[in-house]
Amino acid sequence: MLFLSTAVGILAALVLVDLALSAAVIRRLRETEAKLIEMNSPPASGLPVGATLPEFVSPDGQVSSADLAGSPTLVGFFSAGCRHCPTQAEKLADRAEEFGGTGVRVVSFLTVGEGMTDELGPTLRKAGLLVIDDSPSTVMAAFQVQGTPSFVLFGADGRLAARGHDLSEVLGSR
């Protein structure tokens, strides 16, 4: 009987140790998952919602803040080396007709660095006005864009209504 009591006591101790170790492993996994999500999520950067349309002139002079004033405008920023940009450019081109019907102007800025090809240009031209730049420009700085793709949606009042890295984030239920 003493042997059985000792065995049950040892087994209970082992179960408690197992529970403690399992809890520690689960806690560590949750911490690691949170860190991975933080590392893979682009930083919340850019103009705050409600900010006014910044003053800018594109490097080639084809568009400025004065040209966009008074109408709802979706501005997209893309770069030739961006792995997510082709998908977002297609989404933008697919909705071009819808934008025209609602009066939303679409302007895309495409950064094409030295030695890169302009593969996104034809797709982005379907969506609206395209400005091609050979280096990160003062326009990106004016809009406080730190990564591509990025979208900003301004209302007719010139205030920022939405921003994000995915077109669906910015347009929501539109």
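Scroll up to find the structure.
Along every chain, residues carry numbers that run from 1 in the direction the sequence is written. Local features are withheld for residues below a pLDDT of 70 in this predicted model, meaning they are given only at 70 or higher, and side-chain atom pairs are given and counted only at 80 or more; totals for whole chains, interfaces and linings count all residues. To get the side-chain values, all heavy atoms of the structure are used, and hydrogens and water are removed first.

Participant: So what exactly am I meant to see when it comes to the overall build of the protein here?
Facilitator: A helix here means a DSSP run of H or I that spans at least four residues, while a strand means a run of E at least two residues long, and both kinds are numbered starting from the N terminus. A tally of helices and strands in the protein yields seven helices and five strands. Two things to know: the radius of gyration comes from C-alpha atoms, and the globule rule equals 2.2 Å times the number of residues to the power 0.38. For 174 residues, the compact-globule formula gives about 16 Å, and the C-alpha radius of gyration of the protein, at 26 Å, lies well above that figure. Considering only C-alpha atoms, the protein reaches an extent of 95 × 40 × 30 Å along its principal axes. Relative accessibility decides the category of a residue: with a 1.4 Å probe and only protein chains considered, values under 20% of the type maximum give buried, values over 50% give exposed, and everything between is partly exposed. Scored against the burial criterion, the 174 residues of the protein give a buried share of 36%. Note on contacts: a residue pair qualifies if any of its non-hydrogen atoms lie within 4.5 Å across the two residues. Taking as baseline every contact in the protein between residues at least 6 positions apart, the subset at least 24 positions apart corresponds to 67%.

Participant: Can you help me understand the pairing of strand 5 (residues 160–164) in this one?
Facilitator: Pairs of strands are assigned from DSSP output, requiring at least two bridges between the strands. Bridging between strand 4 (residues 150–154) and strand 5 involves four bridges; their strand directions are antiparallel. Bridge pairing in strand 5 places Leu153 opposite Ala162. Here strand 4 hands over to strand 5 after five residues, with Gly158 in that stretch at a positive phi of 80°.

Participant: I keep staring at unusual backbone geometry and nothing clicks. Help me out?
Facilitator: Residue Pro149 is reached from Thr148 by a cis peptide bond, and omega for that bond is -5°. In this structure, Gln144 takes a positive phi of about 60° despite not being glycine. Here Gln144 is to be found in the loop between helix 6 (138–142) and strand 4.

Participant: How should I be thinking about the pattern of salt bridges in this particular structure?
Facilitator: Two side chains bearing opposite charge may form a pair once their charged atoms approach each other closely. Whenever a carboxyl oxygen of Asp or Glu lies within 4 Å of a side-chain nitrogen of Lys or Arg, that contact is scored as a salt bridge. Summed over all chains, the structure comprises three salt bridges. Close ionic contact of Glu31 with Arg27 constitutes a salt bridge, the shortest N to O distance being 3.8 Å. Of this pair, Glu31 and Arg27 both sit in helix 1 (residues 2–40), four residues apart, which is roughly one turn of the helix. Here Glu31 falls in the partly exposed class, since its relative accessible area comes to 36%.

Participant: Can you walk me through the pairing of strand 4 in this structure?
Facilitator: Residues in a regular strand point their side chains to alternate faces of the sheet. With five of five residues buried, strand 4 is to be regarded as a mostly interior element. Burial of the side chains of strand 4 extends over both faces: Ser150, Val152 and Phe154 are buried on one face and Phe151 and Leu153 on the other. Across five bridges, the pairing between strand 1 (residues 73–79) and strand 4 is antiparallel. Looking at the pairing, Thr73 lines up with Phe154 of strand 4.

Participant: Would you mind going over a nonpolar patch on the surface with me for this structure?
Facilitator: Nonpolar side chains (Val, Leu, Ile, Met, Phe, Trp, Tyr) within 5 Å and like charges within 9 Å form the patches, drawn only from residues with over 30% relative accessible area and no salt bridge. Each accessible area is a Shrake-Rupley result for a 1.4 Å probe, and residues are judged covered by the shown protein chains and nothing else. A cluster of nonpolar side chains, contributed by Leu11, Val15, Leu16 and Leu19, occupies part of the molecular surface with about 410 Å² of accessible area. Along the polypeptide, Leu16 turns up in helix 1. By relative accessible area, Leu16 is classed as exposed at 59%.

Participant: Got a minute to help me understand the state of the cysteines in this structure?
Facilitator: In a disulfide, the sulfur atoms of two cysteines are held together by a covalent bond. Sulfur atoms of two cysteines make up a disulfide when they are within 2.5 Å. Enumeration over the complete set of coordinates arrives at one disulfide. Paired by a disulfide, Cys82 and Cys85 hold their sulfur atoms 2.5 Å apart. Because the torsion about its S-S bond is 90°, the bridge between Cys82 and Cys85 counts as right-handed.

Participant: How should I be thinking about the nonpolar core in this particular structure?
Facilitator: Counting 22 residues, the largest nonpolar core has Leu74, Phe78, Leu92 and Leu124 as its most contacted members. Where this core is concerned, the elements lending two or more residues are strand 1, helix 3 (85–94), helix 4 (96–102), strand 2 (105–111), helix 5 (121–127), strand 4 and helix 7 (167–171). Those residues in contact with Leu92 that sit more than four places away from it in its chain are Leu74, Phe78, Phe99, Val106, Ser108, Leu124, Ala127, Phe151 and Leu167. Side-chain atoms within 4.5 Å are what join buried Ala, Val, Leu, Ile, Met, Phe, Trp, Tyr and Cys residues into a set we call a nonpolar core.

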